[in-house]
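What follows is the residue order along each chain.
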Amino acid sequence: MAGIKSLVSEISRCTVCSQNLSLEPRPVLSAHSQSKLVIIGQAPGLAVHQSGIPWDDRSGQNLRSWLQIDKQDFYNPRKVALVPMGFCYPGKGRSGDLPPRKECAPLWHPLLMQKLNKVELILLVGKYAQKYYLGKACERSLSETVYNFSKFLPKYFVLPHPSPRNNIWQAKNPWFAKEVLPILQERIKEIFA
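The structure contained in this document is the topic of the report that follows. Please read these numbers as outputs of a predicted model, since none were measured by experiment.

Reading guide: rules and limits
Residues numbered from 1 in each chain as written. Predicted model: local features only at pLDDT ≥ 70, side-chain atom pairs only at ≥ 80, totals over all residues. Heavy atoms only, no water. Helix = DSSP H or I, 4+ residues; strand = E, 2+ residues; numbered from the N terminus. Rg over C-alpha atoms; globule rule 2.2 N^0.38 Å. Buried < 20%, exposed > 50% of the residue type's maximum accessible area, 1.4 Å probe, protein only. Contact = heavy atoms within 4.5 Å. Lys, Arg positive; Asp, Glu negative; His and termini not counted. Charge placed at Lys NZ, Arg CZ, Asp CG, Glu CD. Expected span 1.5 Å × (residues − 1). Bend = angle between axes of the 7 residues up to and from the residue. Core = buried A, V, L, I, M, F, W, Y, C linked by side-chain atoms within 4.5 Å. Phe/Tyr/Trp six-rings, centres within 6.5 Å; stacked < 30°, edge-to-face > 60°. Axes fitted to C-alpha atoms, helices over the stretch in contact; angles between N-to-C directions. Parallel < 35°, antiparallel > 145°, perpendicular 65-115°, else oblique. Nonpolar A, V, L, I, M, F, W, Y, C, P; charged D, E, K, R; others polar. Pairing = 2+ DSSP bridges. 1 Å grid on protein atoms, 1.4 Å probe; cavity = no way out; pocket = protein on both sides within 12 Å on 5 of 7 lines; lining within 4 Å. Points joined across faces, edges and corners; volume = space filled by probe spheres on them.

## A short note on the overall build of the chain
Alright, step 1. Looking only at helices and strands, the chain has nine helices and six strands in total.
Alright, step 2. In summary, the chain has a C-alpha radius of gyration of 16 Å against a globular reference of 16 Å for 193 residues, a match within 12%.
Alright, step 3. Referenced to the eigenvectors of the C-alpha coordinate spread, the extents of the chain come out at roughly 40 × 40 × 35 Å.
Alright, step 4. Burial analysis of the chain (193 residues in total) assigns 46% to the buried set.
Alright, step 5. In the chain, 72% of the contacts between residues at least 6 apart in sequence involve partners at least 24 apart.
Alright, step 6. Averaged over its 26 positive side-chain charges, the chain has a centre that lies 3 Å from the centre of its 14 negative ones.

## Remarks on helix 9 (residues 175-192)
Alright, step 1. The first and last C-alpha atoms of helix 9 sit 25 Å apart over 18 residues, in line with the 26 Å expected at 1.5 Å per residue.
Alright, step 2. In the structure, helix 9 departs most strongly from a straight axis at L181, where the bend amounts to approximately 35° and where the proline P182 lies between one and four residues downstream.
Alright, step 3. Regarding helix 9, the residues found buried are W175, F176, V180, L181, L184, Q185, I188, I191 and F192.

## Here we look at the nonpolar core
Alright, step 1. Core analysis: the largest hydrophobic core is formed by 53 residues, its most contacted members being I39 and L123.
Alright, step 2. When residues of this core are assigned to their parent elements, the largest contribution, eight residues, is made by helix 9.
Alright, step 3. The contacts of L123, once residues within four sequence positions are left out, are L37, V38, I39, I40, L67, F157, L159 and L184.

## Structural notes on the packing of aromatic side chains
Alright, step 1. This structure, assessed with the given rule, holds nine aromatic pairs.
Alright, step 2. Centroid distance Y132 to Y133: 5.0 Å. Interplanar angle 70°. Geometry classified as edge-to-face.
Alright, step 3. Of the residues examined, Y132 reaches a relative accessible area of 36% and is grouped as partly exposed.
Alright, step 4. On the accessibility criterion, Y133 (18% relative accessible area) is buried.

## Considerations on the packing of helix 3 (residues 58-67) against helix 9
Relative orientation and spacing of two packed helices are given, respectively, by the angle between their axes and the distance between those axes.
Alright, step 1. Orientation of helix 3 relative to helix 9, taken along the N-to-C sense of each, is 75°, at an axis distance of 8 Å. For the element pair helix 3 / helix 9, the angle class is roughly perpendicular. Side by side, helix 3 and helix 9 meet where S65, W66 and L67 of the first sit next to F176, L181, L184, Q185 and I188 of the second.
Alright, step 2. Its residues placed into classes, the contact of helix 3 with helix 9 shows six nonpolar, two polar and no charged.

## Some details on the sheet that holds strand 2 (residues 80-84)
Alright, step 1. Sheet architecture is open: four strands sit in the order 2-1-5-6, paired in parallel fashion. Only two strands of the sheet have a single partner each, and these edge strands are strand 2 and strand 6 (156-159). The average undirected angle you get between the axes of adjacent strands in this sheet is 20°.
Alright, step 2. In this sheet, strand 5 (residues 121-125) lies alongside strand 1 (residues 37-41) in parallel orientation, the contact comprising four bridges. By the bridge assignment for strand 5, L37 is matched with L121.

## Things to note about the layout of surface pockets
Alright, step 1. There is about 900 Å³ of room inside the largest pocket.
Alright, step 2. Q42, S59, D97, H161 and S163 are the residues nearest the centre of the largest pocket, which is lined by 34 residues in total.
Alright, step 3. If you list the elements that add at least two residues to the lining of the largest pocket, you get helix 2 (46-51), helix 3, strand 2, strand 4 (96-97) and helix 6 (127-134).
Alright, step 4. When its residues are assigned to classes, the lining of the largest pocket shows 18 nonpolar, 10 polar and six charged.
Alright, step 5. Roughly 280 Å³ of internal volume is contained in the second largest pocket.
Alright, step 6. If you list the elements that add at least two residues to the lining of the second largest pocket, you get helix 5 (104-115) and helix 6.
Alright, step 7. At four residues, the largest contribution of residues to the lining of the second largest pocket is made by helix 6.
Alright, step 8. Class assignment for the residues of the lining of the second largest pocket results in nine nonpolar, two polar and four charged.

Structure below.
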């Protein structure tokens, strides 16, 4: 366990991209060598930057609802590792937050994944995580990638970002709630049984 504790501590002190951030670096993540589920998201939003708690916002509420996981299990690192593509708040763009910084994933993800020995499923939340981990296996659009989620199983499960801004996407794609989420929820129950 000392190995992953020291790595998480090292990541939490990272300042590699500080000159490109609008606020001071504050890497946010949670992981344990016994984590069974890894959730790879985009980057912390402003609320998460301020609290220092991963997914501590409305997106996190939506994600927990999709997974049917309570806060106690979600924030138990022995069960769930919370690993963003970019560990710090990237700043505000024209139509929302900027994309995750590109330095983080290549620098830290391989080291983290080596230390996560009990992983049964990796959730790739949003296009940045999907492109990084699936590469050319991604479909032409996020919708198509999510619709064809079964081709990435059993290792990966792909999801859209649970931001309230994506409520329009969910309304246009009712198959997501009807066909995809029940399969995901069943898999989560199996992992945590």
